[in-house]
Amino acid sequence: MSPMTRRSLVRAGAAGALVAVSAGFPVSPAVARTRPRFTGSPFALGVASGDPSSDGAVLWTRLTTDTLGVDPLPAPRIAVRWEVAEDEGFRRVVRRGVEIADERSAHSVHVELRGLRPHREYWYRFAAGDEVSPVGRTRTAPGFGFGGGADDLAFAVTSCQNYEAGYYAAWRDIAAQDLDVVLHLGDYIYEGAGKSDPPTATTPRRHVGPEITTLFDYRRRLALYRSDPDLLAAHAAHPFVVIWDDHEVDNNYAGLISQDDDPVAVFSARRAAAYQAYYEHMPLRRAQVNRGPNLQLDRTLQYGDLAQFTMLDTRQYRANQACGDGNKEPCGAEWEDPSRTFLGDEQERRVLRSLGRSRARWNVIGNQIPLTAIDQQAGPGQKLYMDGWAGYPVARDRFLQGLEDRKVRNPLVVTGDVHASWACEVNRDVRDPASRATAVELIGTSISSGGDGTDVPSAVLPDNPQVKFQRSRRGWVKVALDRREARAEFRHLPYVTRPDATPKVDAAFTVQDGTPKLQRV
Ligand SMILES: [Fe+2]
C-alpha cells in the first residue's frame, strides 16, 4: 500500500459522503507546517476538467468557502492533494499528487495529467486539510489506431448563461447525458451591474455589485456563476473545452477597444484582470497563459482520426466594428477595408495551418459569433451583423477561401453569441444569402441569456434560404459524429425563469460526410 493510500481519502457512508483521514504529505516544509482549518468546505465552486488529450486532461478546482470573496482562506499558500482513479469508488487509483493553491491565483489549482489511456473515463477528487472535494468524472480523447481509436463521439454546444436571466435547466440536462466533451463558446459570465430591484418573474436572479472592472470583481462574478448547482454538476460530469466571447470582459469589445471607448491603458488593465480571472476559473492548460497579460485561447484538440476541434478567439485580436456596429447596411470602404482583421494575422495563420494538416473526418470549428452572413433586414434591402464575421468581409472571405484551398474535410462550425438556435449552410458570398454552401454552421442558442424566448420564427427567414431552422428558445445542441454522418439535436426549454423546465428536441438534422448540407430528420 502506498503512503498516499494509507493516509488519504476514505469513502464514508452509502451516500458517498467523503471524509479525509489525513496526515503529513510531501510538500515544502513551510506549507506542510500549515494544516489549514476552513470555516466551511473550501470546494464551494466544485471541480472541473478540460482540454482532453489522448493521454490526459486538465483537472481544476479553486479553494474558497464562499462566493462573495469575503471569507479569507487560512493561508496564502495551501497544499491541495489530488488523485485520479479508473473507478468511481477510487479502488484503482492511477495518479496522485500535490499542488499548491496560491492566493496570487485566487487559490486555483490546475493539474495537467499525462500518461493516461486514450478514450477512457477517469474519476478525480481533491483534498485540502480535512476537507475533500466532490468527485468529478473526465474522459480522455481517443487516440489513433488499435485500442485507442473511436468510431463515434458526442459533444455539447453551449454558450451565453446570463445568471440574472434564468436558471440552468440546460446544464442539468447536459450533466445527465453521455457525452465525450462539452464545448462552451463564450459569455460564460456577464459583466453588467446587478439589477437594483428584487428578482422578478422575468429576471429571477441577481448579480452582486456594480459592473465588474477589477480582478476582485471578475473573480467574484465567476464564483457567483460557478456556485450554481446545475453548472457545477455539468462540470463534474464532463470535460469542458472553453473559449470566451465579449461578456467575459466587456460587451462588444474589440481587441483593446472597449464598448465605451475607455483610454487604452484603462481598458488594458481591465482586460488583463478579466483574462486572469477567466484562467483562474477554467480548466485550461498553462500553455494558454504564456503571453503576459494575454491568453492564447485558440487551440486544437485531436479526437483520433474522427474529429479535430479547432477553437477560435474572435475577440482578442480583432479590429474595431465597422459601420457603427449593430445590424447595418454595409457601409462601403470602411466595411471592406482589407486591413481590418478578425482573428489577427498570427492566429489566422495558426488556425489555417492546423486545419490544413488535419486528417480528421470532421473538422469542428469552435467559433464565438456567426460565420453565416444572414440578411437581418426583412424584405428589400440588406443589413448585416457588424459584430460577427459578416462585419469583416475580407477576413471572412480569406478564411472560407483558406478552407477551400486546403480541402478541409467536413468543416462543421459551431457557434454561440446570438441567443437563438440557427441551423445554416454557410453562404460563400457575404452579400448573397443564396450563394453556394461552404460549410455547415450550428448556432447553439443560449443556456439562459434572453430569458424564456418565443416560438415565433424570425421575420428574416424568407430572406435567408441558407438558414434551415431558427428558434428563439434557450437550451443547447447535442452533436453526435460517426464516420458516415453528423447528427445535431436542438434541445430547447419551454422556459428558464423557473428552475424546473424539461428540455425537448425541437429539431434534428444530419450532415453526410463530404456534403455541406443539412438534412432535417
Ligand atoms: Fe451572450
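Worth saying up front: this structure is predicted, and the values here are computed from it rather than measured.

Asker: What is the right way to read the UniProt feature "domain: PhoD-like phosphatase metallophosphatase" (unreviewed entry) in the protein chain from this model?
Answerer: Taken from the UniProt record, the annotation "domain: PhoD-like phosphatase metallophosphatase" (unreviewed entry) applies to residues 155-490. The distance from the first to the last C-alpha atom of residues 155-490 is 12 Å, and the span holds 23% helix and 23% strand.

Asker: Looking at this structure, I do not really get the pattern of salt bridges. What am I missing?
Answerer: All chains considered together, the criterion is met by 43 salt bridges. Note that Arg206 is salt-bridged to Asp197, the shortest N-O span being 3.3 Å.

Asker: Quick question: what am I supposed to make of the coordination of the iron ion here?
Answerer: Put simply, the ideal angle at a metal is 109.5 degrees for four donors in tetrahedral geometry and 90 or 180 degrees for six donors in octahedral geometry. Each protein donor to the iron ion is listed here as Cys160 (SG), Asp187 (OD), Tyr190 (OH) and His419 (NE2); together their distances run 2.1 to 2.5 Å. Geometry at the iron ion is irregular, judged from the four donor atoms that bind it and their angles of 86 to 170° at the metal. Donor residues for the iron ion, ordered by position in the chain, follow C-x26-D-x2-Y-x228-H. One end of the pair, Tyr190, is in the loop between strand S12 (181-184) and helix H4 (215-226); the other, His419, is in the loop between strand S19 (411-415) and strand S20 (421-427), with 229 residues separating them in the sequence. A relative accessible area of 6% places Tyr190 in the buried class.

Asker: I keep staring at a nonpolar patch on the surface and nothing clicks. Help me out?
Answerer: The grouping of Leu68, Val70 and Val208 at the surface amounts to a nonpolar patch, some 230 Å² of accessible area in total. Given the relative accessible area of 36%, Leu68 is considered partly exposed.

Asker: What is the right way to read unusual backbone geometry from this model?
Answerer: It is generally the case that most residues other than glycine have a negative phi and that most peptide bonds are trans. Despite not being glycine, Asp187 has its phi angle at roughly 60°, a positive value. Inspection of the secondary structure puts Asp187 in the loop between S12 and H4. When its relative accessible area of 1% is taken as the criterion, Asp187 is described as buried. Unlike most non-glycine residues, Asn410 shows phi in positive territory, near 45°. As for its placement among the helices and strands, Asn410 is situated in the loop between helix H9 (393-405) and S19.

Asker: When you look at the pairing of S19 in this model, what are you seeing that I'm missing?
Answerer: The two faces of a sheet get side chains in turn, since along a regular strand they alternate between them. In terms of burial, S19 is a largely internal element, five of the five residues being buried. Of the two faces of S19, the one holding Pro411, Val413 and Thr415 and the one holding Leu412 and Val414 are both buried throughout. For strand S17 (residues 362-367) and S19, the ladder comprises five bridges, and the chain directions are parallel. Looking at S19, one finds that Val364 is bridged to Leu412. Where S19 and strand S21 (residues 437-444) come together, four bridges link them in parallel fashion. Residue pairing across strands places Thr415 opposite Ile443, the latter belonging to S21.

The rules behind the values
- Residues numbered from 1 in each chain as written.
- Predicted model: local features only at pLDDT ≥ 70, side-chain atom pairs only at ≥ 80, totals over all residues.
- Heavy atoms only, no water.
- UniProt positions renumbered as here; feature names shortened; annotations may be inferred.
- Helix = DSSP H or I, 4+ residues; strand = E, 2+ residues; numbered from the N terminus.
- Salt bridge = Lys/Arg side-chain N within 4 Å of Asp/Glu carboxyl O.
- Donors = N, O, S within 2.8 Å, 3.2 Å for Na, K, Ca; no water.
- Tetrahedral: all angles 85-135°; square planar, octahedral: opposite > 155°, others 65-115°.
- Buried < 20%, exposed > 50% of the residue type's maximum accessible area, 1.4 Å probe, protein only.
- Patch = residues over 30% accessible without salt bridge, like charges linked within 9 Å, V, L, I, M, F, W, Y side chains within 5 Å.
- Areas by Shrake-Rupley, 256 points an atom, 1.4 Å probe, with all protein chains shown as cover.
- Pairing = 2+ DSSP bridges.

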